[in-house]
Amino acid sequence: MSEQPQFTIKVDQNKYLPAGGREVHAIVSVEATGPALPSPAAVDAAVVIIIDTSGSMSYPDSKLRAAVAAAQTAVDTLRDGVEFAIVSGSNSAAMVFPQQPGLVKATEGTRQRAKQELKRLKASGGTAIGSWLRLADQIFDARPGAIRQAILLTDGKNQHETPDQLNAALARCAGRFVCDCRGIGTDWEVAELRRIASALLGSVEFIRDTADLAADFRAMTEAAMGKAVADVALRVWTPKTATLKFVKQVMPSVDDLSGKRTESAAQAGDYPLGAWGAESRDYHVCVEVPPGEVGKEVRAAWVKLVVPGAPGEEAQVLATGNVLAQWTDDEALSTKINPRVAGYTGQAELAQAIQEGLEARNKGDVDTATARLGRAVVLADQAGNEEITALLRRVVDVVDPATGTVRLKRDVDKADEMTLDTRSTKTVRTRGAETPTTRKDETVPTRRGEG
Amino acid sequence: VTDDPTADAIEGAAAAKPAEPTCPVCGEIVYPGYVFCENCGHRLGDPPPAVPGEGGAAPREGATIRQSSASLARRRAAAAGTRPCPECGGAAIDADGYCERCGLRQPAERDHVEIGLPAGGGPAGPDANGSGALVAAGASDRGRRYSRNEDALALAAHAAGVVAVVSDGVGSSQRPDEASRAAADTAAAELAALLDAGRDPEDATRAAALKAADAVAALAASPAEAPSCTYVSAVTRGGALTVGWVGDSRAYWLSAGRGGTADTVREDTRPDATRPDGIGPDDTEPNTGDTEPSTGDMAELGGSRQLTEDDSWAAIMVAQGALTEAEAEAHPNAHVITAWLGADAGEVRPHVATFRPTGPGTLLVCSDGLWNYFPAAADLASLLGGPGGGPAEGPREGAAEGTEAAAGEAPEGAGDSAPEGAARAAGTAEGGPEGGPAGAERPDPAADPLGAARTLVRHALDAGGRDNITVAVIPFPSPPVPPRTHPESTEQHR
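Here is a short report on the structure shown in this document. Quantities reported herein were computed from a predicted structural model and do not represent experimental measurements.

What counts as what
Residues numbered from 1 in each chain as written. Chains lettered and ligands numbered in written order. Predicted model: local features only at pLDDT ≥ 70, side-chain atom pairs only at ≥ 80, totals over all residues. Heavy atoms only, no water. Contact = heavy atoms within 4.5 Å. Salt bridge = Lys/Arg side-chain N within 4 Å of Asp/Glu carboxyl O. Polar contact = N/O pair within 3.5 Å; in protein donor to acceptor, adjacent residues only side chain to side chain. Helix = DSSP H or I, 4+ residues; strand = E, 2+ residues; numbered from the N terminus. Nonpolar A, V, L, I, M, F, W, Y, C, P; charged D, E, K, R; others polar. Buried < 20%, exposed > 50% of the residue type's maximum accessible area, 1.4 Å probe, protein only. Core = buried A, V, L, I, M, F, W, Y, C linked by side-chain atoms within 4.5 Å. Pairing = 2+ DSSP bridges. Axes fitted to C-alpha atoms, helices over the stretch in contact; angles between N-to-C directions.

This brings us to the interface of chain A and chain B. Facing the 30 residues of chain A at the interface are 37 residues of chain B. For the pair chain A and chain B, the number of links is 3 salt bridges. Linking R299 of chain A and D94 of chain B is a salt bridge whose minimum nitrogen-to-oxygen distance equals 2.2 Å. The tally of links from chain A across to chain B stands at 11 residue pairs in polar contact (both at pLDDT 80 or more). Those elements giving two or more residues to the side of chain A that touches chain B turn out to be strand 17 (297-307), strand 18 (316-328) and strand 21 (447-448) of chain A. Classifying every residue of the side of chain A that touches chain B by side-chain character gives 7 nonpolar, 9 polar and 14 charged.

Quick look at unusual backbone geometry now. All names here are of chain A. Residue P252 is bonded to the preceding M251 through a cis peptide linkage, with omega at 10°. Topologically, P252 is positioned in the loop between strand 12 (243-251) and strand 13 (255-256). Although it is not a glycine, Q267 sits at a positive phi angle of roughly 60°. In this structure, Q267 sits in the loop between strand 14 (262-265) and strand 15 (268-276).

Right, let's talk about the side chain of R182 of chain A for a bit. All names here are of chain A. Locating R182 in the fold gives a position in strand 9 (residues 178-183). R182 sits in the buried class, given a relative accessible area of 4%. Here D216 takes part through its side chain, which lies 2.6 Å from a polar atom of the side chain of R182. Non-local contacts of R182, meaning those with residues more than four positions away in its chain, are made with L152, L153, T154, L193, S203, V204, E205, I207, D216, F217 and M220.

This part takes up the nonpolar core. Residue and element names in this part refer to chain A. Grouped together as the largest cluster of nonpolar side chains are 40 residues, with contacts concentrated most on F7, V30, L234 and L305. Elements supplying a minimum of two residues to this core: strand 1 (6-12), strand 3 (23-33), strand 11 (229-237), strand 12, strand 15, strand 16 (280-288), strand 17 and strand 18. At 6 residues, strand 17 tops the list of elements feeding residues into this core. The contacts of F7, once residues within four sequence positions are left out, are V30, E31, A32, V229, W276, L305, L318 and A319. Among the nonpolar cores identified, the runner-up in size contains 37 residues, and A70, A71, V104 and L121 belong to it.

Residues and elements named next belong to chain A. For the structure shown, the criterion picks out 52 salt bridges over all chains. Residue R172 pairs with D137 through a salt bridge whose shortest N-O separation is 2.7 Å. Placement of the pair is R172 in helix 4 (residues 163-173) and D137 in helix 3 (residues 129-140), with a sequence separation of 35 residues. A residue is classified by how much of its surface remains accessible, and R172, at 38% relative accessible area, is partly exposed. Salt bridges linked by common partners bring K10, D12, D282 and R340 together as one network.

Quick look at the sheet that holds strand 17 of chain A now. Residues and elements named next belong to chain A. In space, the 6 strands of this open sheet follow the order 2-18-17-11-15-14, with mixed pairing throughout. Pairing within the sheet leaves two strands with one partner each, and these edge strands are strand 2 (16-18) and strand 14. Across the sheet, the mean angle separating the axes of adjacent strands is 35° when strand polarity is ignored. With 3 bridges connecting them, strand 14 and strand 15 associate as antiparallel partners. The partner of A265 across the bridge, within strand 15, is A268.

Let us now look at the sheet that holds strand 8 (residues 250-255) of chain B. All names here are of chain B. The sheet built from 6 strands is open, its strands ordered 1-2-15-14-8-10 with antiparallel pairing. Either end of the sheet is taken by a strand with one partner, and the two such strands are strand 1 (112-118) and strand 10 (305-306). Note: strand 14 (residues 361-366) against strand 15 (residues 469-476), 6 bridges, orientation antiparallel. Note on strand 15: the bridge partner recorded for L363 is I474.

Structure representation (structure tokens):
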């Protein structure tokens, strides 16, 4: 990485709290702008493709054929010089290409050989995703400074290792590489794959039609090669007397980062964000501060985008932003909710309502499922999220969208339910239209003399 | 923010001596954070009294204390990491001005400012016309609602009196804080210089207002982006007071005569230069050439009253008889001003009026952050002690609830309220202590002008502090001898 892209942090919030108010909410938007991005060829990148070759991949056989074709497309997409490897996973992980654990630079020759090796894949055995990730981690170990991106494709549940084994593998791999996860067929578990993707800062998608898999793999590979900075983190400072309630990614998808905090400096913790390209992501930060007297202003959080240095080194600060709190007795100020905070709060609740509703439905808890999915219908409508609204209507019959009165459908296509579950965390961008609050309208031709 | 080399020099001295256990002039014990000695009023940041003739500063500069000086030392010390956070005591303050431990935004230099102008026109000291008594003082505060103080205040001494200027940045303009700062500093310096050069006070007042207008207009980067502000100046000279204003910042006369809190004969006291419509600029009879203002066209000043008439929508409505004063004050447009300083102000035509008090009293200059809560001269007088002060009714909760102002301050058209206002004012002056704000001290402005200024600001804060609050207090006539400064002098009014 010879140069850093230009990062900006923008904070949307209503800083005004009523007397006695404690909770400060802000949307922190982090964006890397294009022009200053280094050319992709200048960036070190390593990609590991993990293909599920458990026995179920051959029922039907089209799954394995689609997976092989998608992996071949990904290999074709690799730019010359990007290092890559291909892993097959069943009860344990095995190298597909190269033969020994390690990375190979992409050239015309290596791409052809890799594609030949992919053709020879056979499906047999079980599913032990933790072991697959450990092999990927071993492969990436050689390239600590590079953009490290794994692509994981599976069609099944993690049945052939214990949950503890998977958790241990996730703990080991977290922060060491990013992993985008893809499920095909309807025998995998959305919540499980979401947990893996979340731990490894990647995305999760359900590829319902295997014909779409190749295009998706191409897109993921291109995105990986578009990254400009390998490891960035959100560093959040809070006052000594304050409590950081949560840090959530809210765009492009909802993901609570609170549990990923590592203490990094005095009164500050780092939340790893993985690699960053020409993209923007939004975060919802909530801080509880001790109430101050009317008129007092405090910095409730100081948010920095950093590249954490090696142990003992200073972090490189790419951008900073302030989350403020000021107490006022003016209710017109303190009761106003920032529209972006409100928008993302609603979308986060929507994701939760869908996930809880579907979980209750699968457990046979009809009352909870009806209530939560009904709430989801209301929130999706409020957010203007038409995709989710359409997906919800495949799971429930909507009696009254305004009140969220719904009936669970009797027969639901499993794939519809899994699509809804997977898409529940995807957010639509909320744009603020906040008007300045401290400046009074100008009256022409006279003017207000109030400050 | 300041470009005043004198202030810088003063600050340097203050920063070099952060902890001064006793006043260098009178020996009284002083506490950290005090700007002035409580006993003698010596400005504690000042160097010890110099041997006469020592030092290169002109006498005038030593007495001209600008708003920015009072708290700049604190700010600089904070920047240097020597002044702990007032909230948590943390030592690290980052470049954005927030405490790195508790997050408190550190007080800006203009958030709260107090200024005292020592007697004598030279460096304060035992030889300098006595003991460091203050001939004028002022205080300015951010208030409780706004994030910064856009008011500005400047005091200066001239050879035969005092100059005070208050300016209130127009909130709907760009950089209003810079506008008010430029207006106050420019005008105070110009007034002092012109008066020392022998110019007539009315002429000097007008010229200084125009120079301030030019300074504010020069701040505009474009016509669409014009920093702007109100303006009010007050000058004492000999036995007369001259005020000049543009906008809705005000000057009041608070008579020290007990019970004499309102004029009942408005015709005799109106500034003759102000036209009956109440909005016309005064541009007549500048009295040029006189060294002492003639008394021929000068209003006699008896009881407490407002000396200025707002350039405001409310004042026009009342003057035209379209609304009562109460209705106008309650209207959303109440604080829309019709004249201001700024590049978009058109031709600036300052109002100027001169008065000759018939007895001692206090000249009060303030922004609307004070008078919104205490619009009547009697209300203001009731907050202060001394012979003319004393309790009246409690603070009026906002102008919206204000009814008739005391006579003598209402613009033309509200004249029929005069007898009632006078009666109320006279009556309240006799009221007992229980009628006043509970437990409030009422310093005598003649003896303790800084205490009086501080008290008035405190009352505006207690009443809500919706706007920036700025007040200058000028005892009249200037105390010729060291005044009594012991607390006993005010306790009789409690």
